[in-house]
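# Observations on the three-dimensional arrangement
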Amino acid sequence: GENVEQHPSTLSVQEGDSAVIKCTYSDSASNYFPWYKQELGKRPQLIIDIRSNVGEKKDQRIAVTLNKTAKHFSLHITETQPEDSAVYFCAASSRNDYKLSFGAGTTVTVRA
Amino acid sequence: ETGVTQTPRHLVMGMTNKKSLKCEQHLGHNAMYWYKQSAKKPLELMFVYNFKEQTENNSVPSRFSPECPNSSHLFLHLHTLQPEDSALYLCASSQEVGTGSEQYFGPGTRLTVT
């Protein structure tokens, strides 16, 4: 099955700086890569996703890049703000099944 | 209430108790999921239902028993649990079972097994 690894496990950035989270996946048949944000005590919510026919996608201060050859994808947050502090999960879903395999999460702390 | 709801939000149970978790989605979705979230671990998929039919049992111990009476409701029946089963149990739903369908999560049930 799919194995998704996520790094780093924790990330502390100064407000206004950028944050980058990287994930690798094992199944070359994976073709859908969502990112979820989970604030403390709240449910995970989708913030951005990318499909395998696209190399990059941007939505305001967040962007995701995908390298199919290397089987890795990354989340980029620019101009970080205190409300960006949360746990971020990457996930991958294969065209061979429908299961979302999640990374272990990255705890992002934005220092004021 | 809109979206995905779960009850109870917190549950403490002994190892010999029997309890049930409830999930309801108000989104008109056809697929529902149970996940287990433990500290420092990835979200673990437990069960998947598509149009009320169970399509996935991810090697979950039989002390967890799911039930999906219709596309809007999902239950997780618990009995003779172990302390290591303490975790946040999240329900999710999506339009369909398939690649590229966003999953909407409920707020979770924080389960503590004593």
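To be clear, the structure that these remarks concern was listed above.
Just so it is clear, the model here is predicted, and its values are computed rather than measured.

## Observations regarding the sheet that holds strand β3 (residues 18-25) of chain B
Residues and elements named next belong to chain B. The strand order across the open sheet formed by four strands is β1-β3-β8-β7, and the pairing between neighbours is antiparallel. Each edge of the open sheet is held by one strand with a lone partner, namely β1 (4-7) and β7 (64-70). Between one strand axis and the next, the sheet turns by 20° as a mean value, whatever way the strands run. Alignment of β7 against strand β8 (residues 73-79), held across five bridges, turns out to be antiparallel.

## Here we look at the environment of V64(A)
All names here are of chain A. Locating V64 in the fold gives a position in strand β7 (residues 62-67). With 44 residues separating them along the chain, V64 and V20 place their C-alpha atoms 9.5 Å apart. What V64 contacts, discounting residues up to four positions off in sequence, is W35, I48, D49, I50, G55, E56, K57 and S74.

## Some words on the side chain of T5(B)
Residues and elements named next belong to chain B. Relative to the helices and strands, T5 is located in strand β1. Overall, the relative accessible area of 14% leaves T5 in the buried class. The residues contacting T5, other than those within four sequence positions of it, are K22, C23, E24, H26 and P107.

## Looking at the packing of aromatic side chains
Going through the model one piece at a time under the given rule, you end up with 11 aromatic pairs over all chains. In textbook terms, an aromatic cluster arises when at least three aromatic residues are bridged by ring pairs, as seen for Y36(A), F102(A), Y33(B), Y35(B) and F105(B).

## Considering the interface of chain B and chain A
The interface is formed by 25 residues belonging to chain B together with 20 residues belonging to chain A. With both chains or domains summed, chain B and chain A bury close to 1,800 Å², and 54% of this area falls on carbon and sulfur atoms. Only β4 (31-37), β5 (44-50), β6 (53-57) and β9 (87-94) of chain B provide two or more residues apiece to the side of chain B that touches chain A. A per-class count over the side of chain B that touches chain A returns 11 nonpolar, nine polar and five charged.

About the criteria used
Residues numbered from 1 in each chain as written. Chains lettered and ligands numbered in written order. Predicted model: local features only at pLDDT ≥ 70, side-chain atom pairs only at ≥ 80, totals over all residues. Heavy atoms only, no water. Pairing = 2+ DSSP bridges. Helix = DSSP H or I, 4+ residues; strand = E, 2+ residues; numbered from the N terminus. Axes fitted to C-alpha atoms, helices over the stretch in contact; angles between N-to-C directions. Contact = heavy atoms within 4.5 Å. Buried < 20%, exposed > 50% of the residue type's maximum accessible area, 1.4 Å probe, protein only. Phe/Tyr/Trp six-rings, centres within 6.5 Å; stacked < 30°, edge-to-face > 60°. Buried area = accessible area lost by both parts, 1.4 Å probe. Nonpolar A, V, L, I, M, F, W, Y, C, P; charged D, E, K, R; others polar.

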